[in-house]
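As a plain string of letters, each chain reads:
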Amino acid sequence: MCTGIIHVPKQGSKKEKEFSFGFYLFENKLFLIEEDEELQEILAKVKNDMFDGCTLHMVLLFICNALIDNDILYLQKIEENLEKVEDVVIKRIPEHFNEVIMRYRKQLSESRAYYEQLMNMGDFMQMYMNRESLVEEEQGWERYMNRVERLHNYVETIREYLQQIREMYQTQIDIHQNRIMSILTIVTTLFLPLTLITGWYGMNFPGMPEFQWKYGYLAVIGVSVLLIIIEIVYFKKKQIWISSKDVI
């Protein structure tokens, strides 16, 4: 006797939806229980795979294989979409990045739990076939386990790739913040001499000769402009300057 419940997550197009079904295998009877009719299409595919002498154990195996037939295409589509996200992150800091990443993370977590569920079921069925000395069925479940394990490993690879994209995004954020701090530092350095001049001449001591000189105001303007020019030349010579990319 074998019994269990399989939860199939939503994968692929928006038309597809998640569903669950239970199975009960006892002697020469196989019962499949579901609330909706999502299993009907899978059963239609399984009928084409049946052959003379096909046991109910093999029918259940065909159903399980049909559940994962298109999963590799679904996972490849996720990987391709993540590659596009990576290209965007390399060029600029994208908007709504966290929402996109969390959506893919949820999908991959569901797929990971799904394949772990199928691997546990496959382990049980292999032990059951071994105990009943059903060699052909045991080999079939072993091949099925290999398929599920490869899909599970693929999901883990994509999850690691997703983590790398998140780290790349954080690196871009850090670089952008460092650029902003560099801009603020340069601007502060440029205006520091001007702040000193305005503070110095803002004291209004009567003995300051520049107050009595008719060209004093123009002289202060000239000195301020000259200081700015000297600083700009120095920064460019030392390759410390603000580019258009830093401002964006």
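Details of the structure are given in the entry above.
Structure report, in brief.

What counts, and where the lines are drawn
Residues numbered from 1 in each chain as written. Predicted model: local features only at pLDDT ≥ 70, side-chain atom pairs only at ≥ 80, totals over all residues. Heavy atoms only, no water. Helix = DSSP H or I, 4+ residues; strand = E, 2+ residues; numbered from the N terminus. Rg over C-alpha atoms; globule rule 2.2 N^0.38 Å. Buried < 20%, exposed > 50% of the residue type's maximum accessible area, 1.4 Å probe, protein only. Contact = heavy atoms within 4.5 Å. Areas by Shrake-Rupley, 256 points an atom, 1.4 Å probe, with all protein chains shown as cover. Lys, Arg positive; Asp, Glu negative; His and termini not counted. Charge placed at Lys NZ, Arg CZ, Asp CG, Glu CD. Polar contact = N/O pair within 3.5 Å; in protein donor to acceptor, adjacent residues only side chain to side chain. Salt bridge = Lys/Arg side-chain N within 4 Å of Asp/Glu carboxyl O. Pairing = 2+ DSSP bridges. Axes fitted to C-alpha atoms, helices over the stretch in contact; angles between N-to-C directions. Expected span 1.5 Å × (residues − 1). Arc of directions from axis to C-beta.

**Let's talk about the overall build of the protein chain**
Then comes step 1: Check the secondary structure of the protein chain and you find seven helices and three strands.
Then comes step 2: Along the chain direction, N to C, the helices and strands of the protein chain fall in the order β-β-β-α-α-α-α-α-α-α.
Then comes step 3: Whereas a compact globule of 248 residues would reach a radius of gyration of roughly 18 Å, the protein chain reaches 35 Å, over 25% beyond that.
Then comes step 4: A principal-axis box enclosing the C-alpha atoms of the protein chain has dimensions of 115 × 35 × 25 Å.
Then comes step 5: Burial analysis of the protein chain (248 residues in total) assigns 31% to the buried set.
Then comes step 6: A separation threshold of at least 6 residues defines the contact pool for the protein chain, and within that pool the share at least 24 residues apart is 65%.
Then comes step 7: Here the protein chain displays about 16800 Å² of accessible surface, and carbon together with sulfur accounts for 56% of that area.
Then comes step 8: Positive and negative charge centroids in the protein chain, built from 27 and 36 side chains respectively, lie 11 Å apart.

**Some details on the side chain of Gln172**
Then comes step 1: Among the secondary structure elements, Gln172 is positioned in helix α5 (residues 135-201).
Then comes step 2: At a separation of 2.8 Å, a polar atom in the side chain of Gln172 contacts the main-chain carbonyl oxygen of Val89.
Then comes step 3: With sequence-adjacent residues up to four places away left out, Gln172 is seen in contact with Val89, Ile90 and Ile93.

**Some words on the pattern of salt bridges**
Then comes step 1: The full count for this structure, using the stated rule, is four salt bridges.
Then comes step 2: Between Arg112 and Glu116 there is a salt bridge, with its nearest N and O atoms 3.6 Å apart. Pair noted here: Arg112 and Glu116 are both in helix α4 (residues 97-131), with a separation of four residues, about one helical turn.
Then comes step 3: Put simply, Glu156 and Arg159 hold a salt bridge, and the shortest N to O gap is 4.0 Å. Of the two residues, Glu156 and Arg159 both sit in helix α5, three residues apart, roughly one turn of that helix.
Then comes step 4: What emerges from the salt-bridge pattern is a single network uniting Arg112, Glu116, Glu156 and Arg159.

**Brief notes about the sheet that holds strand β3 (residues 29-34)**
Then comes step 1: With respect to topology, three strands assemble into an open sheet ordered β1-β2-β3, the strand pairing being antiparallel. A strand with exactly one partner marks an edge of an open sheet, and here the two such strands are β1 (2-8) and β3. For this sheet the average axis-to-axis angle between neighbouring strands, irrespective of direction, equals 15 degrees.
Then comes step 2: Here helix α2 (residues 56-67) sits on the sheet and contacts β1, β2 (19-26) and β3; the angle it forms with β2, its principal contact strand, is near 165 degrees.
Then comes step 3: In the packing of α4 onto the sheet, contacts are made with β1 and β2, and the angle to β1 comes to roughly 160 degrees.

**Let's talk about the pairing of β2**
Then comes step 1: By the bridge criterion, seven bridges tie β1 to β2 in an arrangement that is antiparallel. If you follow Cys2 over to β2, its bridge partner there is Leu25.
Then comes step 2: Hairpin connection from β2 to β3: two residues lie between these consecutive antiparallel strands, with Glu27 at a positive phi of about 55 degrees.

**Digging into helix α3 (residues 71-91)**
Then comes step 1: In a regular helix each residue adds 1.5 Å, so 21 residues correspond to 30 Å; α3 covers 31 Å between its end C-alpha atoms and thus fits that length.
Then comes step 2: Buried within α3 we find Asp71, Tyr74, Leu75, Ile78, Leu82, Val85, Glu86 and Val89. With its buried residues spanning 125 degrees around the axis, α3 presents them on a single face. Those residues of α3 that are exposed and aimed more than 90 degrees away from the buried face are Leu73, Lys84, Ile90 and Lys91.
Then comes step 3: The inward-facing, buried residues of α3 abut α2, α4 and α5.

On their own, these measurements won't tell you what the molecule is for.
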